[in-house]
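# Geometric and topological summary
The lines below spell out each chain.
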Amino acid sequence: MSIVRLHFYGFVAGFILDLIVGDPHWFKAHPVRLMGALYSALDKAFLGPKDDRGHKAEGTGQLDFREYVQGLFTMALTALLSVFAGAVILYACFRVNEYLFIAAEAFLTCTCLSTASLIRETSPVKKSLAGGDITKARKKLSYVVGRDTDRLKPGEIIKAVIETLAENLSDGIISPLFYLALFGPCGGLFFKAVSTGDSMIGYKNDRYFSFGRAAARTDDLLNYVPARISAFLIILSGLFSRKLSMKRAFLSYRADHAKTESPNAGCPESAIAGALGIELGGEAFYGGKLIYRPVLGTFSRESELQDIGLVQRIVVSSSVFMEIVCAFVIYLTWFR
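These numbers come from a predicted model, not from an experiment.

Helices and strands together make up the secondary structure of the chain, namely eleven helices and two strands. The linear arrangement of helices and strands in the chain, starting from the amino end, is α-α-α-α-α-α-α-α-α-α-β-β-α. Referenced to the eigenvectors of the C-alpha coordinate spread, the extents of the chain come out at roughly 55 × 50 × 35 Å. Split into buried and exposed, the 336 residues of the chain put 51% on the buried side.

Shown next as structure tokens:
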């Protein structure tokens, strides 16, 4: 079989594998965990022991060129090592057996995706709210969001879950699928290396303002197209549910997607806010500090517990649709 045909089979198998097993917590050698360990080691080597210097959303200052170069080196080294390791694994497996190559690509593809993990990590919050245990819901939410959760009311918890589902649909599913389809597992690993760097050092605080700048900007660039695809998929989901509005989703996206500091986060969040007819964003506490975020969407009703399940279904259906489209394009391009 040709390498492209093998890529097609591995790409499809990896997506299915992610839906089945997700990201097992016990798997310590997960590529993303290894990337995180390397970032942590280089972070400590360049900047010293970690300290608390504020939340990512605060802080301005003058760029320190030396720290910027150190951060650029950290991101580039992690990305290159990730791509190199993936290429070595794939080449070694290809030399042994074609089916082993497919299995290796499926495994690496699975590690770049987070569909099942996203549903699994947000479902306990929904379950706790349904059982009336707001303390447990706040604790479970703290595992998946960066904001302070200890004072959130039920409606605020629901909106926080919806926001993280929408944002992670883009950078945790649609973006890696985009680069996996285009460049195979090496493309997916490159994206995950940059994305991991953004989540670990891409903060606008005293420690990372310069050091994390390269990771943050590269992540913005790589997510630019997939974020808009994610918004389109959310808008399209209005065709299949009476509880969603395509028109509101489109109008909300058009009006609000550029309001957020990130050039990408506002795309899926504004679309989902419009589709549901609720408002997202607004005030939130991070590290004890009140942060004012732009309001996305136009209020027409309060968020409800059932909205979490509805958005979870949008996440799964959007990921399946994106996978089908990518697989179809690969097939048409290389199999004719």
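Turning to helix 10 (residues 266-276), a few remarks are in order. Helix 10 sits mainly inside the fold: eleven of its eleven residues count as buried. Where helix 10 is concerned, the buried positions are Gly266, Cys267, Pro268, Glu269, Ser270, Ala271, Ile272, Ala273, Gly274, Ala275 and Leu276. For helix 10, the secondary structure elements touched by its buried residues are helix 7 (154-201), helix 8 (213-236), helix 9 (246-256), strand 1 (280-286), strand 2 (289-296) and helix 11 (306-334). Glycine 277, located one to two residues past helix 10, shows a positive phi value of around 80°.

All told, the structure shown has eight salt bridges when counted by the stated rule. We note a salt bridge from glutamate 163 to arginine 293, for which the minimum N-O separation is 3.0 Å. Of this pair, glutamate 163 sits in helix 7 while arginine 293 sits in strand 2, and the two are 130 residues apart along the sequence. Looking at glutamate 163, the relative accessible area reads 3%, which means it is buried. Each member of the salt-bridge network shares a partner with another, and the members are Arg147, Glu163 and Arg293.

Analysis parameters
- Along each chain, residues carry numbers from 1 onward, in the same order as the chain's sequence is written.
- For a predicted model such as this one, the threshold for reporting local features is a pLDDT of at least 70, and the threshold for listing and counting side-chain atom pairs is 80 or more; totals across whole chains, interfaces and linings nevertheless cover every residue.
- Water and hydrogen atoms were dropped before computing side-chain values, which therefore reflect all heavy atoms in the structure.
- Counting from the N terminus, the helices are DSSP H or I runs at least four residues long and the strands are E runs at least two residues long.
- Each residue's exposure class comes from its accessible area (1.4 Å probe, protein chains only) as a fraction of the maximum for that residue type: buried when under 20%, exposed when over 50%, partly exposed otherwise.
- Contacts between residues were defined by any pair of non-hydrogen atoms, one from each residue, lying within 4.5 Å.
- Note on definitions: salt bridges are taken to be side-chain nitrogens of Lys or Arg within 4 Å of carboxyl oxygens of Asp or Glu.

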